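These are the residues of each chain, in order.
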Amino acid sequence: MSDTRRRVKVYTLNEDRQWDDRGTGHVSSTYVERLKGISLLVRAESDGSLLLESKISPNTAYQKQQDTLIVWSEAENYDLALSFQEKAGCDEIWEKICQVQGKDPSLEITQDPIDESEEERFEEMPETSHLVELPACELARLEEIADLVTSVLSSPIRREKLALALMSEGYIKKLLQLFRTCEDLDNREGLHHLYEIVRGVLFLNKATLFEVMFSDDCIMDVVGCLEYDPALVQPKRHREFLTKTAKFKEVIPITDSELRQKIHQTYRVQYIQDIILPTPSVFEENFLSTLTSFIFFNKVEIVSMLQEDEKFLTEVFAQLTDEATEEGKRRELVNFFKEFCAFSQTLQPQNRDAFFKTLANLGILPALEIIMGMDDLQVRAAATDIFSYLVEFSPSMVREFVMQEPQQADDDVSTSTDVLLINLVIKQMICDSDPELGGAVQLMGLLRTLIDPENMLAPTNKTEKTEFLSFFYKYCMHVLTAPLLANTAEERKGALRFMRRIIGLKDEYYNRYIIKGNLFEPVINALLDNGTRYNLLNSAIIELFEFIKVEDIKSLIAHIVDNFYKALESIEYVQTFKGLKGRYEQEKDRQSRGLSRYRRDARALDDDEEMWFNEDEDEDDADAGVEKRVDEDFPEAYGKYMGAKKGIPYYFCLKCVEFILTSLER
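Every value quoted in this text rests on a predicted model; they were computed, and no experiment measured them.

### Things to note about the overall build of the protein chain
Scanning the protein chain from N- to C-terminus turns up 32 helices and seven strands. Relative to its full complement of 666 residues, the protein chain shows a buried share of 47%. Partitioning the contacts of the protein chain with sequence separation of at least 6, the portion at a separation of at least 24 is 65%.

Encoded structure:
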């Protein structure tokens, strides 16, 4: 078993001041001949490749943060970080760095990261050649302290020196004691100075200061100082919000006190960054990069701790799917997972993948199947959001799960295919009660993602497209098309456009289905019943047959002429049907002379499709039950919904079906 003490993640800071995850491996310190010095090496745990090779330079400023982080800069705008799994490993590497640089390992920064040319300029100025001297931490000198903090922000050197002075003298806690005194005395002038001081200290952008300011015994006083913005007539009430309005709900008790503390800290620091601090100016925009990093690494740690606590997550899933769970409790559990999934979106791809794989292994999809079938609208809406994160993460994972469901339904005769997860999604889309149909639009997008053939081309599973579409046609298509059939039940001919779209694909797979089902008979009957009236129906049908003639779709031409030409030969106001007969005779002539030039086009049946189609020939009895099944599909929901919003289910279902056809054209 590998040594987890030396297990690390390697991060680099990108141009947007966000940390990119470069991989996980094990770190060591060793002499590298090529670099002529002791270096940090990180080899990937997956394949042993070199993730990092960095010489420990005697002039580089290394910082140790949050007990498990080491951060440094190797060049201008190139920052690196090692995030250790265990504190002991971080301490070992930190001691090695300090040994090479001849520094005291009890410090959390090895030296000031000062530009040499700037240092030389300041050494020429007597007033800045010494360390920053802090005024005594007294009420009478708050204005002087505020002026000092504000004045150093424009100088990298003086920011570094001020940060060191604040840490070495325990100055932050003394300032916060003064804050409590000023509040007790209602000393507004002093409180306004403390606002400027604390804001300026945050802009020093130092993790060592953040560790003190965001500790449990200091953070609420820091928030208190930031309430007294001099630009405001009345102070804000952020502490009241954080302590009374914002309540932390433990859906399942969190026994790990460190995890609970980390969650509280992260929420409060995020609140400081997003709500309390004003939008930074161009001059200030890089001053809070370390604050962003502080929040980011906290979130990574929280996700890791929750993932590793299988007992906690297992208990959440158990209560979520337990029929005895009270509805209010279930709503809280679902909302927890919704926030948990939203939280994961801030993570790097590798962390996010590990997160969703953990949820999948614990059974998130079977749980969603249960939840989405419940009556509680809020629970179903939250479940939809969770489902969207899963589809975005891996459509293939979701497809694999739903294809396994019919087999489980066969094993359990009491289980209906109507409760398959994807059918529940379709029903929820059709029966969305939101007047603005926000949920229906969201679900339609998810369905389109799942049935999009472009998402089924992974080389690792070449049969996914055939298998999933076969599954979808067999178990789900009747649910999706039910509103279409309901909308055309009163002899409306909206289905003609749909048939035209299918024929437009010029796909023999669909042409065989049209022939097998004798689907041209109602079209031709409609044409004959229309008589000599020249209207939209007449034009649409004529255009359909004209397209078949021009594109020379041989299988359909043969079927039409063999079965319907006697009924059509009397129509002479267009030459379409005589043209079809001509094409038919030409092909017969070529075949009789052995000169058939027919070539299998790109959309002709492949072996898998031919086999699937032939197997379907033996399923006529099952197909005969489709009409009945369509009529029986959730009649109550349709009855209520179609009465109120008759055209809307038709619209969403038609859009999904049209998307299937359009996708197959690609």
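### Observations regarding helix 25 (residues 536-550)
With 15 residues, helix 25 ought to run about 21 Å at 1.5 Å a step, and its terminal C-alpha atoms sit 21 Å apart, in line with that. For helix 25, the full list of buried residues reads Asn538, Ile541, Ile542, Leu544, Phe545, Phe547, Ile548 and Lys549. In the core, the buried residues of helix 25 are packed alongside helix 22 (495-504), helix 24 (520-530), helix 26 (554-568) and helix 27 (576-592). Just downstream of helix 25, aspartate 552 is the residue with a positive phi angle, here 55°.

### A short note on helix 1 (residues 87-101)
In this model helix 1 runs 21 Å from its N-terminal to its C-terminal C-alpha over 15 residues, within 8% of the 21 Å that 1.5 Å per residue would give. Considered for burial, the residues of helix 1 that qualify are Gly89, Cys90, Asp91, Ile93, Trp94, Ile97, Cys98 and Gln101. Glycine 102 sits one or two residues past helix 1 and shows a positive phi near 70°.

### A short note on the pattern of salt bridges
As enumerated under the stated definition, the model contains 25 salt bridges in all. Glutamate 33 is the salt-bridge partner of lysine 36, the closest N and O atoms lying 2.7 Å from each other. Classification of lysine 36 by relative accessible area gives exposed; the value is 51%. The partner of arginine 239 in a salt bridge is glutamate 183, and the shortest N-O contact between them spans 2.6 Å. You can see arginine 239 sitting in helix 9 (residues 238-245) and its partner glutamate 183 sitting in helix 5 (residues 171-185), a full 56 residues away along the chain. Given the relative accessible area of 28%, glutamate 183 is considered partly exposed.

### A word on the nonpolar core
Ranked by internal contacts, the top residues of the largest apolar core, which has 77 residues, are Phe337, Leu365, Phe387, Leu390, Ile422, Phe471 and Phe472. Ignoring sequence-local partners within four residues, the contact set of isoleucine 422 consists of Val402, Leu447, Leu450, Phe468, Phe471, Phe472 and Cys476. Listed in part, the 51 residues of the second largest apolar core include Ala165, Leu176, Val222 and Ile295.

### Some details on the packing of helix 23 (residues 508-516) against helix 26
With their axes 9 Å apart at the nearest point, helix 23 and helix 26 run at an angle of 15° to one another. By the angle between their axes, helix 23 is roughly parallel relative to helix 26. Our pair here, helix 23 against helix 26, has a crossing hand that is left-handed. Seen from helix 23, the contacting residues are Glu508, Asn511 and Ile515; seen from helix 26, they are Ser555, Leu556 and His559.

### Notes on the packing of aromatic side chains
The tally for this structure, following the rule as stated, stands at 23 aromatic pairs. Both rings, one in tyrosine 11 and one in phenylalanine 296, keep their centres 5.6 Å apart while their planes meet at 85°; by these two values the pair is edge-to-face. With tyrosine 11 in strand 1 (residues 7-13) and phenylalanine 296 in helix 11 (residues 289-308), the pair connects residues that are 285 residues apart, well separated along the chain. Accessibility assignment for this pair places tyrosine 11 and phenylalanine 296 in one class, buried. Between phenylalanine 210 and phenylalanine 294, the ring centres sit 6.3 Å apart and the planes meet at 85°, which makes this aromatic pair edge-to-face. Placement of the pair is phenylalanine 210 in helix 7 (residues 207-213) and phenylalanine 294 in helix 11, with a sequence separation of 84 residues. Three or more aromatic residues joined by ring pairs make a cluster, and in this case those are Phe312, Phe317, Phe336, Phe337, Phe340, Phe355, Phe356 and Phe393. Sitting over the face of the ring of phenylalanine 468, arginine 399 holds its NZ or CZ atom 5.8 Å from the ring centroid.

### As for the pairing of strand 4 (residues 50-55)
In terms of strand pairing, strand 3 (residues 37-44) meets strand 4 through five bridges, oriented antiparallel. Across the sheet, serine 39 pairs through a bridge with lysine 55, a residue of strand 4. The loop that links strand 3 with its antiparallel partner strand 4 comprises five residues; one of these, glycine 48, has a positive phi angle of about 80°.

### Some details on the pairing of strand 1
Within strand 1, six of the seven residues are buried, leaving the element largely enclosed by the surrounding structure. As judged from the five bridges shared by strand 1 and strand 7 (residues 78-84), these two strands associate in the antiparallel manner. Each residue of the ladder has a partner; that of tyrosine 11, found in strand 7, is alanine 81.

### Observations concerning the side chain of asparagine 205
Relative to the elements of secondary structure, asparagine 205 occurs in the loop between helix 6 (188-202) and helix 7. When its relative accessible area of 13% is taken as the criterion, asparagine 205 is described as buried. Here the side chain of asparagine 205 touches threonine 290 through a polar contact of 2.8 Å, landing on its backbone nitrogen.

### Considering unusual backbone geometry
Unusually for a residue other than glycine, aspartate 186 sits at a positive phi of about 55°. Mapped onto the fold, aspartate 186 is located in the loop between helix 5 and helix 6. For lysine 506, which is not a glycine, the phi torsion comes out positive at approximately 55°. Turning to its location among the elements, lysine 506 is positioned in the loop between helix 22 and helix 23. Classification of lysine 506 by relative accessible area gives partly exposed; the value is 33%.

### Quick word on the packing of helix 24 against helix 26
Helix 26 packs onto helix 24 with a crossing angle of 35° between their chain directions and a minimal axis gap of 11 Å. Every pair of crossing elements has a handedness; the one defined by helix 24 and helix 26 is right-handed. Residue-level contacts link Phe520, Glu521, Ile524, Leu527 and Leu528 of helix 24 to Leu556, His559, Ile560, Phe564, Ala567 and Leu568 of helix 26. Its residues assigned to classes, the contact of helix 24 with helix 26 comprises nine nonpolar, one polar and one charged.

### Here's the deal with the confidence of the model for the protein chain
Counting all residues, the mean pLDDT for the protein chain is 79, and 80% of those residues have values of 70 or more. Averaged pLDDT values over the elements of the protein chain bottom out at 42 in helix 2 (residues 116-123) and peak at 96 in helix 8 (residues 219-225). Across residues 113-129 the pLDDT falls below 50, and counting only partners more than four positions away or on other chains, this stretch makes 16 contacts in the model. Scored below 50 in pLDDT, residues 596-606 shows 21 contacts in the model against residues more than four places distant or in partner chains.

### A look at the environment of aspartate 16
By the element assignment, aspartate 16 lies in the loop between strand 1 and strand 2 (19-32). Counting along the chain gives 273 residues from aspartate 16 to serine 289, while the straight-line C-alpha distance between them is 9.6 Å.

### Points about the environment of glutamine 177
Along the chain, glutamine 177 turns up in helix 5. A residue is classified by how much of its surface remains accessible, and glutamine 177, at 47% relative accessible area, is partly exposed. For the pair glutamine 177 and cysteine 218, spaced 41 residues apart in sequence, the C-alpha to C-alpha distance is 9.7 Å.

Procedures and definitions
Residues numbered from 1 in each chain as written. Predicted model: local features only at pLDDT ≥ 70, side-chain atom pairs only at ≥ 80, totals over all residues. Heavy atoms only, no water. Helix = DSSP H or I, 4+ residues; strand = E, 2+ residues; numbered from the N terminus. Buried < 20%, exposed > 50% of the residue type's maximum accessible area, 1.4 Å probe, protein only. Contact = heavy atoms within 4.5 Å. Expected span 1.5 Å × (residues − 1). Salt bridge = Lys/Arg side-chain N within 4 Å of Asp/Glu carboxyl O. Core = buried A, V, L, I, M, F, W, Y, C linked by side-chain atoms within 4.5 Å. Axes fitted to C-alpha atoms, helices over the stretch in contact; angles between N-to-C directions. Parallel < 35°, antiparallel > 145°, perpendicular 65-115°, else oblique. Left-handed = near helix turned anticlockwise from the far one by under 90°. Phe/Tyr/Trp six-rings, centres within 6.5 Å; stacked < 30°, edge-to-face > 60°. Lys NZ or Arg CZ within 6 Å of the ring centre and 35° of its normal. Pairing = 2+ DSSP bridges. Polar contact = N/O pair within 3.5 Å; in protein donor to acceptor, adjacent residues only side chain to side chain. Nonpolar A, V, L, I, M, F, W, Y, C, P; charged D, E, K, R; others polar. pLDDT = per-residue confidence, 0-100.

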